[in-house]
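Residue-level structure breakdown
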Amino acid sequence: MDRPRRSVRNPVKAPQLLVPEPVARVIKRKSTPEAVDPEKQLKILLESSKSDLVSLDMNDIINSKTWSVLSEDARAHLKTLLPQTAFSNSSETIAADHPSVEDGMVVDEALDDRPQDVDVNLGIFGDPHFLAAARTFQDHLYLNWFSEAHGAKVKQFREGIVSGSLAAPWKDQVWERDNIVPEINVNVGATSSFSIPNESSARAGGAAEIKLYTLVKKGILRVGDIIAYKRYFSLSEVTVEKDAIIQHIQPNTYALTVLTLPGPNKDLPAHLLSDEPAEPSAPVQSMTITSPTMLETGLLDLDGRMEKSRRPNGNAWKCFTVWRWRVGGEYNPYDSRGGRENHGTLFYLRGSYYHER
């Protein structure tokens, strides 16, 4: 009888640690930082609103210690930018026009006359005026007022002031622009018991009885004066501006003959603005008026942008401003009104005459 055979088992293999094949690592080298342009860095520091000087304490930067570490040449240059009161030999005196003294201190001397060998009074760096000026510099830097873009705007404004094409608005014009009163256009029948009080009578009081010919008769309006019209029609979102110049005054009725241009043109031609104007020619238009309302209607008809059906009621006396040369003034060919100055609205001139007569 055969014996049963034992099954042969494979021996248990020891566990093996499987290690992944090494992968070559790519080592990225840090790029060498680009060199900073010193002029560009200085430009950002002194002109940009992102400059570090905006948030730093200026007294930590400009003080007696930092002054002492500057070179002689740098200090000599900076001395030319300081006022006379910043030097140690400065004496506090009162001005020459004071009744108690005969001579006074000259604060701003010529740069070439300033002594270079005199030491700076180091107490100036803690002076409240100096610290206030430093903070003002930071404010202007934060507002980006030292940038080239802002400098271009300032240059454009200055050139406009010289040429007469730009002007800073009057404070009453700014108020009217920021506080627009909606105009009411209500047609009320003659038989209706509802009525809207006249604005001129309600606010002008007794001065509303004074007519335009009275101002002309008393010399308040004269030949050569420019009567400038400006009104904002809020319902139509249209601003009409138009100048008219007084050419002639009727001796009997004191009616005014004015000259203006048709269309939306605001400024008058230069040959009408001088102290000896030339004879008007096309396209200059002439009209004879006896009241501000009559003049407003004529100017709006010539402008052509506001139809009569869209013109709300209003006080025409407040829409006209008188421009005249001051005593001794001369014709300025670069000004849009020949160098004339604002003498006030017709509403203001009428009220002044009423209270002073």
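Residues numbered from 1 in each chain as written. Predicted model: local features only at pLDDT ≥ 70, side-chain atom pairs only at ≥ 80, totals over all residues. Heavy atoms only, no water.

Summed over the entire model, instances satisfying the criterion amount to 10 salt bridges. A salt bridge links Glu47 to Lys43; the nearest nitrogen and oxygen atoms lie 3.0 Å apart. Of this pair, Glu47 and Lys43 are both found in helix H1 (residues 38–47), 4 residues apart, which corresponds to roughly one turn of the helix. Judged by its relative accessible area of 25%, Glu47 falls in the partly exposed class. Salt bridges here are not isolated pairs; linked through shared partners, they connect Lys43, Glu47 and Glu148. (Salt bridge = Lys/Arg side-chain N within 4 Å of Asp/Glu carboxyl O. Helix = DSSP H or I, 4+ residues; strand = E, 2+ residues; numbered from the N terminus. Buried < 20%, exposed > 50% of the residue type's maximum accessible area, 1.4 Å probe, protein only.)

This part covers a nonpolar patch on the surface. A cluster of nonpolar residues, Leu42, Leu45 and Leu46, forms a patch on the protein surface that exposes about 240 Å² of accessible area. Along the chain, Leu45 falls in helix H1. Owing to a relative accessible area of 33%, Leu45 belongs among the partly exposed residues under this scheme. (Patch = residues over 30% accessible without salt bridge, like charges linked within 9 Å, V, L, I, M, F, W, Y side chains within 5 Å. Areas by Shrake-Rupley, 256 points an atom, 1.4 Å probe, with all protein chains shown as cover.)

Judged by nonpolar contacts, the single largest core of 29 residues is most densely connected at Leu221, Tyr229, Leu256, Leu295 and Phe320. If one sorts the elements of this core by residue count, strand E2 (residues 238–249) sits on top with 4 residues. Excluding residues within four positions of it along the chain, Phe320 makes contact with Ile227, Ala228, Tyr229, Pro292, Leu295, Glu296, Leu299, Gly344, Thr345 and Leu346. Leu261, Leu272, Val284 and Trp323 belong to the second-largest nonpolar core, a separate cluster that totals 10 residues. (Core = buried A, V, L, I, M, F, W, Y, C linked by side-chain atoms within 4.5 Å. Contact = heavy atoms within 4.5 Å.)

With that settled, the discussion passes to the confidence of the model for the protein. Looking at the protein, pLDDT values average 81 and 81% of them are 70 or higher. Below pLDDT 50 for its whole length, residues 107–112 participates in 6 contacts with residues either more than four positions away or in separate chains. Across residues 184–202 the pLDDT falls below 50, and counting only partners more than four positions away or on other chains, this stretch makes 15 contacts in the model. (pLDDT = per-residue confidence, 0-100.)

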